[in-house]
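Coordinates in review
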Amino acid sequence: MPNLNRIRAIAEKEVFHILRDSRTLAIIFIMPLLQLIIFGYAMNMEIRQVPLIVDDQALNSDSRALVEAFVQTDYFQLVPHREGNLRPEDLFKERLAQATLSIPRDFGSQTQQLFLKIDASDPNSAQMIQNYATGIVNAYAPTATGGIDLRAQILYNPDLKSSYFFVPGLIALILVMICALLTSISISREKEMGTMEQILVSPVSATEILVGKVLPYILLGLIDALLILGVGMLLFQVPFRGDFLVFLLFTFLYVLTSLCLGLLVSTVAKTQQAAMMMALGLTLLPTLLLSGYMFPISSMPPLLQKITYIIPARYYLQIIRGIMLKGNSIQHLYQAGLSLMLMSGFMLMVAARRFKLRLS
Amino acid sequence: MIHTRSLNKDFGDFRAVNDINLEIGKGEIFGFLGANGAGKTTTIRMLCGLLKPSSGGISVDGLDIVRHSDQVKQRLGYMSQKFSLYPDLLALENLEFYAGIYQVPFAKALRNVEEIIDQFDLRSILKFRTDDLPMGYKQRLSLVAALVHDPPLVFLDEPTSGVDPQARREFWQAINDLAHKGKTIIVSTHFMDEAEYCHRVIIMQDGREVALGNPAELKAMHSVANMQDLFIKVLGVEDAKSE
């Protein structure tokens, strides 16, 4: 049975280390803020002022009203007409425009057809430009699209603000990175310094060491989560529609999972450097690419979809988006929460086992 | 106090410790001598539970160290070859931590080491950060930290490397006092003159015992004047470092 007094002794010592080590404190507080600000402003995926060339052959009141509708939004910006004689391909090659709109001569009377060409060398932007354009045309003349009148309503993020998407994602990304880094460094440092040996001759068990190490960092992880959430809401006006206690509970689980991942790393890595590289390697890219943060899981090949089940952020993203944007409560999220619990339990067990094995 | 039965340790094909049988009594100062790589440290690490023997057994006070590892570990103190207190903690906080992991109330732990703290003149530096201390003080503090839980058995792995001769003499004085109080001391060293402080020594080479006994008797047996000569004689080469 793990002994509480010994766990407390280890946890208290860890607190001293944290408070006295400015490097750790920098990792904990400065890194998340920097990342939030850099990612936040660099990953802005909204598109504004798309250069658009209009080739208006009709030049009647209908066509003018339509063009006016395009220009009045913030999404498009009209490129002067003298370039209009070029073919769209050349315009795109010269990067003079990202989209061209052709209005046929008999627009408004005989035909309601329009031609939109979009430069899709960046498919995401192209998709968005198409959406914007369709929206504008629909708003201008709802019936113009023919028999079926589809009115899509976008929920939870009606303005499609990208901050709604990246702030929750960044909380998931930063937490897993920092937490895995902290525990893996903390243990490999003791190995490097030789202090681990001094602990191992005492009756302290592997589990007691690991639990004692994790406890103080749980608190730090939660403080970090609140910091990112607070700054994210302040700088990027992200809503928080759910229950704060639910957020704390599930964030606690995610922090725990991430810390246990760090423990696991520390049983493999021999030096602090190796631990740092491994912790970052296991968290940064997998979280960015395979958690559903950047790319929807449903569009991944089947094999990759299976791999996403072992990425903790996959579950936490569901949780944090659910809480912040949809106002989810426990009954919507318990499955994801259970998955995190299972993962941390499993990793803690493996870490303790590997830790003991190293002794022989 | 401590008993080993045909102790072996293999690292792959390499046998680092080969058939070591020891019987060390209470209050004894027992020395491990030998060149670097002779198997001293490996043996000591097995004796204090840091390494599992490949074969053979070790018991402390009649308790098998694998089966009763918790009880055994509570009874032993260990000072590693490498300085291993936390540099960012105060000296006192280091002692508090070690008292904590042995579950000794700190006040009691301080009483346990009061005498040796005074003997080593450490009282004035207890509030210092450990990495601000000079080497000699760090060494003494390490020994104190190994004693906070008042263990009957103390392992010292090359405790005096890197310390000046005066400090080494003081250190050995303290070790002697501990033995007088009934503690069993197991110490490894490559300083031959230090072997004279031991009640009994084992000289190791390539993982094997090449000589075992009281230093004076060993010298008489091999008719040599000092430990340095004894060493050359039993090992056949000038294999030891001298001061």
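Whatever comes next refers back to the structure up there.
These lines cover the structure that appears in this document, whether it is placed above or below. (Residues numbered from 1 in each chain as written. Chains lettered and ligands numbered in written order. Predicted model: local features only at pLDDT ≥ 70, side-chain atom pairs only at ≥ 80, totals over all residues.)

**Description of the overall build of chain B**
Secondary structure assignment for chain B yields eight helices and 10 strands. Expected size for 243 residues packed as a compact globule is a radius of gyration near 18 Å; at 18 Å, chain B falls within 12% of this value. With respect to the principal axes defined by its C-alpha atoms, chain B has extents near 50 × 40 × 35 Å. Buried positions account for 46% of the 243 residues belonging to chain B. Long-range pairs, those at least 24 residues apart, make up 68% of the contacts in chain B with a sequence separation of at least 6. (Helix = DSSP H or I, 4+ residues; strand = E, 2+ residues; numbered from the N terminus. Rg over C-alpha atoms; globule rule 2.2 N^0.38 Å. Buried ≥ 20, exposed ≤ 12 C-beta atoms within 10 Å, placed from the backbone. Contact = placed C-beta atoms within 7 Å.)

**Examining unusual backbone geometry**
Residues and elements named next belong to chain B. Positive phi, close to 45°, is recorded for glutamate 158, a residue that is not glycine. Checked against the element boundaries, glutamate 158 lands in the loop between strand E7 (153-157) and helix H6 (165-180). Judged by the 21 C-beta atoms lying within 10 Å of it, glutamate 158 falls in the buried class. Phi at aspartate 206 is positive, roughly 50°, even though this residue is not glycine. As for its position among the elements, aspartate 206 is in the loop between strand E9 (200-205) and strand E10 (208-213).

**Considering the sheet that holds strand E3 (residues 99-103) of chain A**
Residues and elements named next belong to chain A. Spatially, the four strands line up as an open sheet ordered E2-E1-E3-E4, and their pairing is mixed. Looking along the sheet, the strands with just one partner apiece sit at the ends: strand E2 (76-78) and strand E4 (115-118). Averaged over all neighbouring strand pairs, the angle between strand axes comes to 30°, with direction disregarded. Along the sheet, helix H3 (residues 61-72) contacts strand E1 (50-56), E2 and E3; its crossing angle with E1, the most-contacted strand, is approximately 175°. Contacts from helix H5 (residues 123-140) reach E1, E3 and E4 within the one sheet, and its direction differs from that of E4 by about 160°. (Pairing = 2+ DSSP bridges. Axes fitted to C-alpha atoms, helices over the stretch in contact; angles between N-to-C directions.)

**Observations concerning the nonpolar core**
Ranked by internal contacts, the top residues of the largest apolar core, which has 144 residues, are Ile171, Ala172, Leu175 and Leu263 of chain A together with Val144, Phe155 and Ile185 of chain B. Per-element accounting of this core gives the leading share, 18 residues, to helix H6 (residues 163-193) of chain A. Those residues in contact with leucine 175 of chain A, other than ones at most four positions away along the chain, are Gly221, Asp224, Ala225, Tyr254, Val255 and Ser258 of chain A. Formed by 19 residues, the second largest nonpolar core is a distinct cluster that contains Ile53, Ala99, Ile118 and Tyr132 of chain A. (Core = buried A, V, L, I, M, F, W, Y, C linked by C-beta atoms within 7 Å.)

**Overview of helix H12 (residues 312-326) of chain A**
If you check H12 of chain A, its first and last C-alpha atoms are 20 Å apart, about what 15 residues at 1.5 Å a residue would give, namely 21 Å. Across the 15 residues of H12 of chain A, 14 count as buried, placing the element largely inside the fold. (Expected span 1.5 Å × (residues − 1).)

**Things to note about the packing of helix H1 (residues 4-20) of chain A against helix H3 (residues 91-101) of chain B**
Following both chains from N to C, one finds H1 of chain A and H3 of chain B inclined at 155°, their axes separated by 8 Å at the closest point. What the angle tells us is that H1 of chain A and H3 of chain B run roughly antiparallel. Helix-helix and strand crossings are classified by hand; for H1 of chain A and H3 of chain B the assignment is left-handed. On H3 of chain B, the residues touching Asn5, Arg6, Ala9, Ile10, Lys13 and Phe16 of chain A of H1 of chain A are Glu93, Phe97, Gly100 and Ile101 of chain B. Here the contact of H1 of chain A with H3 of chain B is built from residues that sort into five nonpolar, two polar and three charged. (Parallel < 35°, antiparallel > 145°, perpendicular 65-115°, else oblique. Left-handed = near helix turned anticlockwise from the far one by under 90°. Nonpolar A, V, L, I, M, F, W, Y, C, P; charged D, E, K, R; others polar.)

**Observations concerning the pairing of E3 of chain A**
Residue and element names in this part refer to chain A. Counting buried residues in E3 gives four out of five residues, a clear majority hidden from the surface. The sheet contact formed by E1 and E3 spans five bridges and is parallel. Looking across to E3, one finds that aspartate 55 is bridged to serine 102.

**Description of the interface of chain A and chain B**
At the interface, 22 residues of chain A touch 21 residues of chain B. Elements with a contribution of two residues or more to the side of chain A that touches chain B: H1 and helix H7 (195-200) of chain A. For the side of chain A that touches chain B, the element with the highest residue contribution is H1 of chain A, accounting for eight residues. Class assignment for the residues of the side of chain A that touches chain B results in 10 nonpolar, seven polar and five charged.

**Side note on the sheet that holds strand E5 (residues 63-64) of chain B**
Neighbouring strands of a sheet are bound in pairs by backbone hydrogen bonds; such pairs are parallel or else antiparallel. All names here are of chain B. Pairing in this open sheet of four strands is antiparallel, and the strands run E2-E1-E4-E5 from one edge to the other. Strand pairing shows two members of the sheet lacking a second neighbour, strand E2 (14-24) and E5, which therefore form its edges. Here strand E4 (residues 55-60) pairs with E5 via two bridges, running antiparallel. The residue of E5 that forms the bridge with serine 59 is aspartate 64.

**Thoughts on the environment of glutamate 192 of chain A**
Residues and elements named next belong to chain A. In this structure, glutamate 192 sits in helix H6. For glutamate 192, a count of 15 C-beta atoms within 10 Å translates into the label partly exposed. Dropping the residues within four chain positions of it, glutamate 192 is found in contact with Thr271 and Gln272.

**Notes on the environment of alanine 167 of chain B**
Structurally, alanine 167 of chain B is set in helix H6. Taking the C-alpha atoms as reference points, alanine 167 of chain B and tyrosine 137 of chain B, 30 residues apart in sequence, are found 9.4 Å from one another.

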